[in-house]
Amino acid sequence: MREARIKAEGAGCYHIMSRAIEGRFIFGTAEKEFFRRLMRKLETFCGVRIVTYSILSSHWHILLDVPERQDIDDKELLRRIRLLYGGMKAKMVAEELKTLANESNLAAAERLRRSYTYRMYDLSEFCKCLKQRFSQHYNKKRDRCGPLWTQRFKSVLVENSVDALLTMAAYIDLNAVRAGLAQDPKDYRWCGYGEAL
């Protein structure tokens, strides 16, 4: 039986990571860029903040700040749906919400909203969606099927102090240097420090 994941009461910051099955080098340039764009879309959809990250050849690390759950209005919900699922899906949801409001079916409208919002402000849902969507993309491009990751993602709750966060961010950004992919993290495109510069 798997152990329960340690999560903060309310807001929390986590060092999360996941490794490709059998230590395979699955991340080439195109895969790193797809993963980075997907990660940023999910960051906005889920309402979390990526403090920094590093995408290597066989695994990735993210320092993720997960705020307390917040209520969002329909305008914000539709903006997030549009970003992750596209304009057509957002339009369909908007029309369905409008129809339900006109029918005074508030319970059904709330169920529709919850079918999206339950995935927001949640560490596990962010990682699940990131790994699933990347796996689907990767498997489709390579005409393969089956698992891509060795196991569930790993997560470590990081103390909410400036020193702890800076230390963890430096550890993550320096992964490319330790792996011999760059001399300086500023030169590595697929880490938070390199992206910022």
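Because the structure is predicted, anything quoted here is derived from the model rather than measured. (Residues numbered from 1 in each chain as written. Predicted model: local features only at pLDDT ≥ 70, side-chain atom pairs only at ≥ 80, totals over all residues. Heavy atoms only, no water.)

**Student:** Before we go on, may I ask you to explain the overall build of the protein chain in this structure?
**Tutor:** Scanning the protein chain from N- to C-terminus turns up eight helices and four strands. Mapped from its N terminus to its C terminus, the protein chain presents α and β elements in the order β-α-β-β-α-α-α-α-β-α-α-α. Judged by the C-alpha coordinates and their principal axes, the protein chain covers about 60 × 45 × 40 Å. By the burial criterion, 43% of the 197 residues in the protein chain qualify as buried. Here the protein chain displays about 11,300 Å² of accessible surface, and carbon together with sulfur accounts for 52% of that area. A gap of 6 Å separates the mean positions of the 35 positive and 25 negative side-chain charges of the protein chain. (Helix = DSSP H or I, 4+ residues; strand = E, 2+ residues; numbered from the N terminus. Buried < 20%, exposed > 50% of the residue type's maximum accessible area, 1.4 Å probe, protein only. Areas by Shrake-Rupley, 256 points an atom, 1.4 Å probe, with all protein chains shown as cover. Lys, Arg positive; Asp, Glu negative; His and termini not counted. Charge placed at Lys NZ, Arg CZ, Asp CG, Glu CD.)

**Student:** Quick question: what am I supposed to make of the sheet that holds strand β4 (residues 154-158) here?
**Tutor:** Strand pairing in a sheet is mediated by backbone hydrogen bonds. Such pairs are either parallel or antiparallel. Here four strands make up an open sheet; going across it, the order is β2-β3-β1-β4 and the pairing antiparallel. Either end of the sheet is taken by a strand with one partner, and the two such strands are β2 (49-55) and β4. Averaged over neighbouring strand pairs, the angle between their axes works out to 15° when direction is ignored. Bridging between strand β1 (residues 12-19) and β4 involves five bridges; their strand directions are antiparallel. Residue pairing in the sheet places Tyr-14 in a bridge with Leu-157 of β4. Contacts from helix α5 (residues 123-141) reach β1, β2, β3 (59-66) and β4 within the one sheet, and its direction differs from that of β3 by about 145°. (Pairing = 2+ DSSP bridges. Axes fitted to C-alpha atoms, helices over the stretch in contact; angles between N-to-C directions. Contact = heavy atoms within 4.5 Å.)

**Student:** Looking at this structure, how should I read the pattern of salt bridges?
**Tutor:** Pairs may arise between side chains of opposite charge once their charged atoms sit close together. Enumeration over the complete set of coordinates arrives at 15 salt bridges. For the salt bridge of Glu-33 with Arg-37, the shortest nitrogen-to-oxygen distance reads 3.9 Å. With a gap of four residues between them, Glu-33 and Arg-37 both fall in helix α1 (residues 29-46), about one helical turn apart. Among the residues examined, Arg-37 registers a relative accessible area of 42% and is labelled partly exposed. One salt-bridge network, held together by shared partners, links Glu-33, Arg-36, Arg-37, Arg-40, Glu-43, Arg-189 and Glu-195. (Salt bridge = Lys/Arg side-chain N within 4 Å of Asp/Glu carboxyl O.)

By themselves these figures say nothing about function.
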